[in-house]
Amino acid sequence: MKIFNGLKSWVNERKNIKGSVGFVPTMGALHAGHLALITQSRQENDLTVCSIFVNPTQFNNAEDLQNYPRTEAADADKLRTAGCDVLLIPPAAEVYASIPRISFAFDGLDKAMEGQHRPGHFNGVALIVSKLLHWVNPDRAYFGQKDWQQFVIVRQLVRDLSFPVSVIACPTVREPDGLALSSRNQRLSAAQRQQAPQIYRVLQAAATHLHAGISPAQVTQTAMETLAATAGFDPEYFVVADAETLQPINKMPDTGRIILATAVYLRPVRLIDNLLIDVSSAKTP
Ligand code: AMP
């Protein structure tokens, strides 16, 4: 695996790459969820590029940025073992060589769900993804379903700005007890780690209730109550929404996909998770 710590040397190298390129952007502290994206990219491309960049413009909380785990040497080992070809670690001074003045708006996609609680977050995501897509110029870019709203917004960004890339969502990788893998899980206490799988159980129960004909409003209320009643949990939101528009729904549609999404504080850690439901086939992938 080749490691590039500077953008210039990478951009020069990129010019000589002939085959298809798959790209997996990350913020490091890599786990099996990230590595599943690498594996899928390797299956579908001649060359796989992973980037590690803890992007300051997408953090709306200084403490979260400060405490974000940084484990570059271990990350590089994992990527090597996973068969990644290129690791790009751009320095912040190069990525933000000038203070950005651009801002992105996504006609409501960025105001729903996470957007209500993390002002500016998706602006920072759109900015860094745009920059990285220019530098890496991949044929395919891989994102986790765990951050469904991020995937929907990046897909829109790529359509609106005609980036020549296919944006691909990959299934959420979970611990055996159902907890979605996240770099933030490392910060949970032993007691919090034991409680955390309750998030996934509540999502699954909500899906069952929706299939049984209970209204989205009632399901949402029950889910919030159950989360709030769990020791150490401080739920921020729970929504039942259209998976493409991200707008909350009042009744189950006959076709298409819906997303059940939630954010819960296990203080000071904030965890998110979701379930995507294909209504037509009544499957929960
Ligand atoms: P991050 O480093 O948290 O910015 O994540 C980098 C990419 O990995 C994003 O596309 C995430 O959605 C994805 N990802 C994070 N956790 C998981 C997971 N548990 N399963 C699948 N993909 C994930």
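Here is a short report on the structure shown in this document. Just so we're clear, the structure is a prediction, and the values are computed from it rather than from any experiment. (Residues numbered from 1 in each chain as written. Predicted model: local features only at pLDDT ≥ 70, side-chain atom pairs only at ≥ 80, totals over all residues. Heavy atoms only, no water.)

### Notes on the overall build of the protein
Of the regular secondary structure elements, the protein holds eleven helices and nine strands. What you see for the protein is a C-alpha radius of gyration of 19 Å, in line with the 19 Å of a compact globule of 285 residues. Projected onto the principal axes, the alpha-carbon positions of the protein cover approximately 55 × 40 × 40 Å. Taking all 285 residues of the protein together, the buried fraction comes to 53%. Accessible area of the protein: about 13100 Å², with a carbon and sulfur share of 51%. In the protein, 27 side chains carry a positive charge and 26 a negative one; their mean positions are 4 Å apart. (Helix = DSSP H or I, 4+ residues; strand = E, 2+ residues; numbered from the N terminus. Rg over C-alpha atoms; globule rule 2.2 N^0.38 Å. Buried < 20%, exposed > 50% of the residue type's maximum accessible area, 1.4 Å probe, protein only. Areas by Shrake-Rupley, 256 points an atom, 1.4 Å probe, with all protein chains shown as cover. Lys, Arg positive; Asp, Glu negative; His and termini not counted. Charge placed at Lys NZ, Arg CZ, Asp CG, Glu CD.)

### A closer look at the pattern of salt bridges
Pairing between side chains of opposite charge can happen when the charged atoms of each approach one another. Enumeration according to the criterion identifies 13 salt bridges in this entry. With a closest N to O distance of 2.7 Å, Arg267 and Asp234 form a salt bridge. Within this pair, whereas Arg267 is found in the loop between β8 (257-266) and β9 (269-278), its partner Asp234 is found in strand β7 (residues 234-242), the two being separated by 33 residues in sequence. Connected through salt bridges with shared partners, the residues Glu63, Asp64, Arg184 and Arg187 form a single ionic network. (Salt bridge = Lys/Arg side-chain N within 4 Å of Asp/Glu carboxyl O.)

### Notes on the packing of helix α7 (residues 121-136) against helix α8 (residues 148-160)
Axis angle and axis distance: for two packed helices, these are the angle between their axes and the distance between the axes, and together they describe the pair. Contact geometry of α7 with α8 gives a least axis separation of 10 Å together with a crossing angle of 55°. Classified by the interaxial angle, the pair formed by α7 and α8 is oblique. Crossing angle aside, the handedness with which α7 passes α8 is right-handed. Contact residues: α7 offers Phe122, Val125, Ala126, Val129, Ser130 and Leu133, while α8 offers Gln149, Gln150, Ile153, Val154, Leu157 and Val158. (Axes fitted to C-alpha atoms, helices over the stretch in contact; angles between N-to-C directions. Parallel < 35°, antiparallel > 145°, perpendicular 65-115°, else oblique. Left-handed = near helix turned anticlockwise from the far one by under 90°. Contact = heavy atoms within 4.5 Å.)

### So, the site of the ligand
Near the ligand lie 16 residues; those nearest to it are Met27, Gly144, Asp147, Val173 and Leu181. The contact in question runs from an oxygen atom of the ligand to an N or O atom on the side chain of Asp147, over 2.6 Å. With the chains in place, 93% of the 480 Å² that the ligand exposes on its own is no longer accessible. Of all the elements, helix α2 (residues 32-44) adds the most residues to the shell around the ligand, at three residues. (Near = heavy atom within 4 Å. Polar contact = N/O pair within 3.5 Å; in protein donor to acceptor, adjacent residues only side chain to side chain.)

### Looking at the nonpolar core
Residues Trp10, Val49, Met113, Val129, Leu133, Trp148 and Ile259 are the most contacted members of the largest nonpolar core, which totals 49 residues. It is α7 that provides the largest number of residues to this core, a total of nine residues. Trp148 has contacts with Ala169, Ala243, Glu244, Leu246, Arg257, Ile259, Asn274 and Leu276, leaving out every residue within four places of it along the chain. (Core = buried A, V, L, I, M, F, W, Y, C linked by side-chain atoms within 4.5 Å.)

### Focus: the packing of aromatic side chains
How two aromatic rings sit relative to each other is given by the distance of their centres and the angle of their planes. One pass over the structure, following the stated rule, counts five aromatic pairs. Measuring from ring centre to ring centre gives 5.5 Å for Phe4 and Trp10, while their planes differ by 65°; the resulting arrangement is edge-to-face. Take Phe4: its relative accessible area is 9%, and that puts it in the buried class. Aromatic side chains Phe53 and Tyr96 sit 6.3 Å apart centroid to centroid with 40° between the ring planes, which places their arrangement in the tilted category. (Phe/Tyr/Trp six-rings, centres within 6.5 Å; stacked < 30°, edge-to-face > 60°.)

### Focus on the environment of Ile259
Along the chain, the position of Ile259 falls in strand β8. Judged by its relative accessible area of 0%, Ile259 falls in the buried class. Through-space distance from the C-alpha of Ile259 to that of Leu210 is 12 Å; in sequence the pair is 49 residues apart. Among residues more than four places away in sequence, those in contact with Ile259 are Met113, Trp148, Val239, Val240, Ala241, Asp242, Ala243, Asn274, Leu275 and Leu276.

### Re the side chain of Asn274
With respect to the helices and strands, Asn274 occurs in strand β9. A distance of 2.9 Å separates a polar atom in the side chain of Asn274 from the backbone oxygen of Lys146. Excluding residues that lie within four positions of it along the chain, Asn274 makes contacts with Gln145, Lys146, Asp147, Trp148, Arg174, Leu203, Ile259, Leu260 and Ala261.

### Things to note about helix α1 (residues 7-15)
Given 3.6 residues per turn, any residue in an α-helix points the same way as the ones three and four places further on. For α1, the complete set of buried residues consists of Leu7, Trp10 and Arg14. Viewed end-on, α1 has its buried residues packed into an arc of 65°, placing them on one side of the element. Among the exposed residues of α1, those oriented more than 90 degrees off its buried face are Lys8 and Lys15. Elements that come into contact with the buried residues of α1 comprise β1 (2-4), β2 (21-26), β3 (47-52), β4 (86-88), α5 (92-95) and α7. (Arc of directions from axis to C-beta.)

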